[in-house]
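# Observations on chain architecture
Each chain, written out:
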Amino acid sequence: LNSVVSVISSLFLMSVWNRAVRRYGWFKVMAFNCFFNVFMDLFGMLTTRDTVYFYIISATISGLNLLGAQKSLAQMLYINLPKKDTDLFNTFYNFIIYLGCLLGSMLGTWALSALQRFGETMPFFGMQIWPMQLLTGIRGIVFGLLGVYVVLMEPRLQPDTSITA
């Protein structure tokens, strides 16, 4: 059922993200997605047994944001390939994505190991959170910093203007 809902919502959201890319450009859409991820991760971090509604908010943000994030990242990689190498785009895209997954898994495992030395849970603004929740919050901060970096670097980037949404 979840897959069916994802496909149907993607059909509607693709046109929204295509319009956003045409209006604002690839890099601004990517920065917007990074900032949107901050809220998703912060709500995800604050989700506990008593605050399940935060999970609903986080999952909704994720559902709305995922397609735009995938689209902008894929195009950002494509835009930065030399014109003669665009036929290798799928190889390049998969390499970057899977390398990111591998490095993220390694860094996340290391960070969880380091955080668990402080105990099973830790206090955070009057509530007890698990190390994974703190790591989710840190990921949100990193996405925010990435969004700021994309906004600051966007004027220096020279994308191929012949690529359309």
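Everything that follows concerns the structure shown earlier in this document.
If you're wondering where the values come from, they're calculated on a predicted model, not measured in any experiment.

### Digging into the overall build of the chain
The helix and strand tally for the chain stands at 5 helices and 2 strands. For the chain, the N- to C-terminal ordering of α and β elements is α-α-α-α-β-β-α. Look at the contacts in the chain between residues 6 or more apart in sequence, and 67% of them connect residues 24 or more apart. Counting every atom, the chain has about 11300 Å² of accessible surface; 69% of that belongs to carbon and sulfur.

### Quick look at the packing of aromatic side chains
The final tally for this structure, using the stated rule, is 4 aromatic pairs. On the basis of an interplanar angle of 40 degrees and a centroid distance of 5.4 Å, the ring pair of Phe43 and Phe54 is categorised as tilted. With Phe43 in helix H2 (residues 26-45) and Phe54 in helix H3 (residues 52-79), the pair connects residues that are 11 residues apart, well separated along the chain. With a centroid separation of 4.8 Å and an interplanar angle of 55 degrees, the aromatic rings of Tyr53 and Phe54 are classed as tilted. Taking relative accessible area as the criterion, Tyr53 reaches 47% and is therefore assigned partly exposed. Members of the aromatic cluster, joined through ring pairs, are Trp17, Phe32 and Phe36.

### Remarks on the nonpolar core
In terms of nonpolar packing, the biggest core is built from 7 residues, these being Leu13, Trp17, Ala20, Val21, Trp26, Val29 and Leu67. Mapped by element, the contributors of at least two residues to this core are helix H1 (2-24) and H2. Element by element, the count of residues in this core is highest for H1, at 4 residues. Not counting residues up to four positions away in its chain, the partners in contact with Trp17 are Val29, Phe32, Asn33, Leu64, Asn65, Leu67, Gly68 and Lys71. Residues Met45, Leu115, Met122 and Ile129 belong to the second largest nonpolar core, which totals 5 residues.

### Observations regarding the pattern of salt bridges
Taken as a whole and assessed by the stated rule, the structure comprises 1 salt bridge. Note that Arg139 is salt-bridged to Asp41, the shortest N-O span being 2.5 Å. Taken together, the residues span a long stretch of sequence, with Arg139 in helix H5 (residues 131-153) and Asp41 in helix H2 at a distance of 98 residues.

### Digging into the environment of Asn18
Within the secondary structure, Asn18 is located in helix H1. Take Asn18: its relative accessible area is 16%, and that puts it in the buried class. Here the alpha-carbon distance between Asn18 and Ser72, two residues 54 residues apart in the chain, equals 9.8 Å.

### Some words on H2
The end-to-end C-alpha distance of H2, which contains 20 residues, comes to 28 Å, matching closely the 28 Å that a straight helix rising 1.5 Å per residue would cover. For H2, the set of buried residues is Trp26, Phe27, Val29, Met30, Ala31, Asn33, Cys34, Asn37, Val38, Met40, Asp41 and Met45.

### A short note on a nonpolar patch on the surface
A grouping of Phe95, Ile96, Leu99, Leu102, Leu103 and Met106 is seen on the molecular surface, where their side chains present a nonpolar patch of about 550 Å² in accessible area. Along the chain, Leu99 falls in helix H4 (residues 89-116). Classification of Leu99 by relative accessible area gives partly exposed; the value is 34%.

Reading the values: rules and limits
Residues numbered from 1 in each chain as written. Predicted model: local features only at pLDDT ≥ 70, side-chain atom pairs only at ≥ 80, totals over all residues. Heavy atoms only, no water. Helix = DSSP H or I, 4+ residues; strand = E, 2+ residues; numbered from the N terminus. Contact = heavy atoms within 4.5 Å. Areas by Shrake-Rupley, 256 points an atom, 1.4 Å probe, with all protein chains shown as cover. Phe/Tyr/Trp six-rings, centres within 6.5 Å; stacked < 30°, edge-to-face > 60°. Buried < 20%, exposed > 50% of the residue type's maximum accessible area, 1.4 Å probe, protein only. Core = buried A, V, L, I, M, F, W, Y, C linked by side-chain atoms within 4.5 Å. Salt bridge = Lys/Arg side-chain N within 4 Å of Asp/Glu carboxyl O. Expected span 1.5 Å × (residues − 1). Patch = residues over 30% accessible without salt bridge, like charges linked within 9 Å, V, L, I, M, F, W, Y side chains within 5 Å.

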